[in-house]
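Structural overview
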Amino acid sequence: MDLKNGTVTIDQLAKDPRAVALLNQYDPSLIHHPMAPVVRGWTVNQAVSFARKQGAREEDIRAVLSQLEAL
């Protein structure tokens, strides 16, 4: 999957069943979280920045991005 240098939106990811399945492996609530409508317009870069601020481990972030790119 082409993440377009992190500019692809969460909404675009949510439309790809492969990406949804991958994200669900890490946290099944991500796509269907009550705040999901708010972040659907975010880019991957914005979501990564937010995840870092929330304490996500860098190796987990890199793993998810790598796996998304491999789709």
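For the structure itself, look to the data block above.
Residues numbered from 1 in each chain as written. Predicted model: local features only at pLDDT ≥ 70, side-chain atom pairs only at ≥ 80, totals over all residues. Heavy atoms only, no water.

1. Looking at the overall build of the chain
So the rule is basically this: Each helix corresponds to a stretch of at least 4 residues labelled H or I by DSSP, and each strand to a stretch of at least 2 residues labelled E; elements are numbered beginning at the N terminus. Taken over C-alpha atoms, the radius of gyration is set against a globule rule of 2.2 Å times the number of residues to the power 0.38. With a 1.4 Å probe rolled over the protein chains alone, any residue whose accessible area is under 20% of its type maximum counts as buried; one over 50% counts as exposed, and the rest are partly exposed. A contact between two residues is defined here by any heavy atoms of the two lying within 4.5 Å. Areas reported here follow the Shrake-Rupley algorithm with a probe of radius 1.4 Å; residue values treat only the protein chains shown as occluding.
Secondary structure summary: the chain contains five helices and zero strands in total. Sequence-ordered secondary structure for the chain, helices as α and strands as β, is α-α-α-α-α. Rg of the C-alpha trace for the chain: 11 Å, near the compact-globule value of 11 Å for 71 residues, within the 12% margin. Overall, the C-alpha framework of the chain stretches about 30 × 25 × 20 Å when taken along its three principal axes. Considering the chain as a whole, with its 71 residues, one finds that 30% of them fall into the buried category. Within the chain, contacts between residues at least 6 apart in sequence are counted, and of these 65% link residues at least 24 apart. Surface accessibility of the chain: about 4600 Å² in total, with carbon and sulfur atoms responsible for 56%.

2. Some points on unusual backbone geometry
A positive phi angle, close to 50 degrees, is found at Lys4, a residue other than glycine. Note on placement: Lys4 falls in the segment before helix 1 (10–14). If you check the backbone angles, Asn5 has positive phi at about 60 degrees while not being a glycine.

3. Section: helix 2 (residues 17–26)
As a reminder, the rule being used: The arc in question is the one spanned by the directions pointing from the helix axis to the C-beta atoms.
Among the residues making up helix 2, those that are buried are Ala19, Val20, Leu22 and Leu23. What you see down the axis of helix 2 is that its buried residues fit within an arc of 165 degrees, all on one side. Those residues of helix 2 that are exposed and angled more than 90 degrees off the buried face are Pro17 and Gln25. Contacts made by the buried residues of helix 2 are with helix 1 and helix 5 (58–70).

4. Points about the layout of surface pockets
Under the convention used in this document: A cavity, in this analysis, means grid points on a 1 Å lattice covering only the protein atoms where a 1.4 Å probe fits yet has no way out; a pocket is instead an open set bounded by protein on both sides within 12 Å along at least five of seven lines, and a residue lines either one if it has an atom within 4 Å of a point. Grid points are joined across faces, edges and corners, and a volume is the space filled by probe spheres set on the points. In this classification, Asp, Glu, Lys and Arg are treated as charged, Ala, Val, Leu, Ile, Met, Phe, Trp, Tyr, Cys and Pro as nonpolar, and every other residue, Gly included, as polar.
Estimates place the volume of the largest pocket at around 780 Å³. Breaking the lining of the largest pocket down by element, the ones donating at least two residues are helix 1, helix 2, helix 3 (36–39), helix 4 (44–53) and helix 5. The residue makeup of the lining of the largest pocket, split by class, is 21 nonpolar, three polar and four charged.

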